[in-house]
Amino acid sequence: MPLEDGDPARWRGQQVNGEVSGTPHPRGTGDPPPRGTAAPDGSRREAMAEDWEPGPALGDRDVTPGGVLQRAGQEPGRREEALMAELSELVQKVVKSSSWWERHGVDISILACSFLLLPAGFLCLRSAQAIPFLAGVLTLGVVHHTLTVKGSHLASHNALTESKSWGKVWAVFFIELCSAFTAEQATYNHVKIHHGYTNVIGLGDSSTWKLPFLNRYVYMFIAPLAVPIITPLVALDLLRNVEWKAALRTLCCMFLGLYCHYWLLLNVSGFQSPWSALLCMLLTRSLLAHPYIHVNIFQHIGLPMFAADQKPKRIHLMSLGVLNLPRNALLDWSFGHSLISCHVEHHLFPSLSDNMCLKIKPVVSQYLKQKKLPYNEDTYASRLRLFLQRYEELMVHAPPITELVGIQ
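Residues numbered from 1 in each chain as written. Predicted model: local features only at pLDDT ≥ 70, side-chain atom pairs only at ≥ 80, totals over all residues. Heavy atoms only, no water.

1. A closer look at the packing of aromatic side chains
Working definition: an aromatic ring pair is given by the centre-to-centre distance plus the angle between the planes. Evaluation of the coordinates by the stated rule reveals 13 aromatic pairs. Here phenylalanine 115 and phenylalanine 173 contribute two aromatic rings whose centre-to-centre distance is 5.7 Å and whose plane-to-plane angle is 40°, an arrangement assigned as tilted. With phenylalanine 115 in helix 4 (residues 100–124) and phenylalanine 173 in helix 6 (residues 164–178), this pair connects stretches of sequence that are 58 residues apart. Relative to phenylalanine 387, the ring of phenylalanine 298 has its centre 5.2 Å away and its plane inclined at 45°; by these criteria the two rings are tilted. Note that phenylalanine 298 is positioned in helix 12 (residues 289–298) and phenylalanine 387 in helix 17 (residues 380–389), a separation of 89 residues in sequence. Of the two residues examined, phenylalanine 298 and phenylalanine 387, each falls in the buried class. In textbook terms, an aromatic cluster arises when at least three aromatic residues are bridged by ring pairs, as seen for Phe115, Trp166, Trp170, Phe173 and Phe174. (Phe/Tyr/Trp six-rings, centres within 6.5 Å; stacked < 30°, edge-to-face > 60°. Helix = DSSP H or I, 4+ residues; strand = E, 2+ residues; numbered from the N terminus. Buried < 20%, exposed > 50% of the residue type's maximum accessible area, 1.4 Å probe, protein only.)

Now the structure itself:
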């Protein structure tokens with residue numbers, strides 16, 4: 001289950017008379033344009049959100065804040081680019097002053113600790129007593145989501161390592177072996193489409209998280225239990241879009257990951273029947289499925305939406321269309337800061353690790369507030385109430401397009 005906020009898959013519905021029709025996958029960002037095509041506004045630069053790297057904000061030119069803003073003058077487009085360049089410079093200073101431990105080590109250690117907890121989780125399931133057994137379910141459930149959500153998300157953005165070759169290896173491991181999904185489609189749809197076109201209707205607007213034929217309570221509290229079943233089925237459907245070698249690799253990794261989990265439950269945890277082992281697999285893999293679904297819709301749906309030919313520049317697009325939730329120990333560990341309390345920072349600088357997103361958070365929040373730009377924050381409980389109250393408007397009907405009056 002890679003990702004997060006508009007995870008990889010295709011939107012099979014279409015907009016008709018202002019409503020979304022068709023049956024969307026519960027994971028995804030909409031049908032992407034073919035690889036190598038230009039963005040709807042003719043600009044590939046803004047679409048490729050992952051291209052941001054810590055380096056000079058404006059090449060060899062003067063990148064001092066005063067110099068950038070002075071050159072920009074009063075032209076709206078230039079001013080927005082200057083704002084993003086100025087913020088990038090501030091963030092680059094933080095990144096360059098950070099150690100390897102801060103940039104990568106903290107998050108790698110969390111993932112390593114999760115692996116080390118696996119034997120304890122499987123052994124706890126051998127117990128006939130309720131408390132140790134439940135401790136095993138909780139341990140395996142948290143470990144599963146840490147590897148499949150946090151690990152896959154970081155791997156899709158190549159945020160675990162500075163080596164692109166190793167980044168591809170980790171992407172296959174976390175996305176395909178651990179998450180039973182396809183790495184190519186996960187990376188392309190999430191990184192290039194969702195991040196490049198955040199809240200742009202028909203592309204990165206999280207439309208495929210909507211299942212209009214379900215009522216609010218079924219969608220919010222019952223449907224998430226099916227995520228472990230739906231995930232590999234969606235992956236199999238997406239294999240039609242990748243080369244046969246990649247598809248074969250994905251099939252092997254998916255089978256190996258699922259079978260290893262099943263084999264360990266039978267041979268280490270001591271389950272007596274295949275059905276009890278499969279039921280335990282479903283239970284542990286869906287343990288945090290509810291917040292997983294909720295977080296993905298809370299942080300984008302209900303915020304301003306834009307037409308592809310009318311979207312604002314990057315800094316406005318991300319500050320308007322992304323929302324941060326408060327710190328939460330369980331979700332911070334399992335999902336990562338970039339999906340919870342630092343989602344705005346993550347969308348502005350997607351190649352940074354969870355720990356670095358947390359470190360740059362004060363810089364980003366202070367800068368956006370100084371420049372009178374939106375910095376959306378809300379609580380989990382508040383967003384849950386909002387979606388239950390306005391479910392028809394937010395999750396059934398197509399969102400209205402935001403007019404750009406006042407933005408520029």
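Text resumes after the structure shown.
2. Description of the UniProt feature "transmembrane region" (unreviewed entry) in the chain
If you check UniProt for "transmembrane region" (unreviewed entry), the listed places come out as residues 217–239 and 246–264 in our numbering. Helix makes up 78% of residues 217–239 and strand 0%, with an end-to-end C-alpha separation of 32 Å. Annotation note: span residues 246–264, helix share 100%, strand share 0%, distance between end C-alpha atoms 27 Å. (UniProt positions renumbered as here; feature names shortened; annotations may be inferred.)

3. A closer look at the packing of helix 10 (residues 244–267) against helix 11 (residues 274–285)
At a closest axis distance of 9 Å, the pairing of helix 10 and helix 11 adopts a crossing angle of 120°. With respect to helix 11, the element helix 10 is oriented oblique. Helix 11 is crossed by helix 10, and the crossing has right-handed handedness. On helix 11, the residues that touch Gly257, Leu258, His261, Tyr262, Leu265 and Leu266 of helix 10 are Pro274, Ala277, Leu278, Cys280, Met281, Thr284 and Arg285. The class makeup of the residues in the contact of helix 10 with helix 11 is nine nonpolar, three polar and one charged. (Axes fitted to C-alpha atoms, helices over the stretch in contact; angles between N-to-C directions. Parallel < 35°, antiparallel > 145°, perpendicular 65-115°, else oblique. Left-handed = near helix turned anticlockwise from the far one by under 90°. Contact = heavy atoms within 4.5 Å. Nonpolar A, V, L, I, M, F, W, Y, C, P; charged D, E, K, R; others polar.)

4. Re the pattern of salt bridges
On inspection of all chains with the given rule, the structure shows 11 salt bridges. Lysine 359 is the salt-bridge partner of glutamate 102, the closest N and O atoms lying 3.0 Å from each other. Of the two residues, glutamate 102 is situated in helix 4 and lysine 359 in helix 16 (residues 354–370); the sequence distance between them amounts to 257 residues. Under the relative-accessibility criterion, glutamate 102 is labelled partly exposed at 24%. For arginine 327, the salt bridge is made with aspartate 332, and the minimal N-O distance between the two is 2.7 Å. With a relative accessible area of 53%, arginine 327 lands in the exposed category. Looking at aspartate 332, the relative accessible area reads 7%, which means it is buried. (Salt bridge = Lys/Arg side-chain N within 4 Å of Asp/Glu carboxyl O.)

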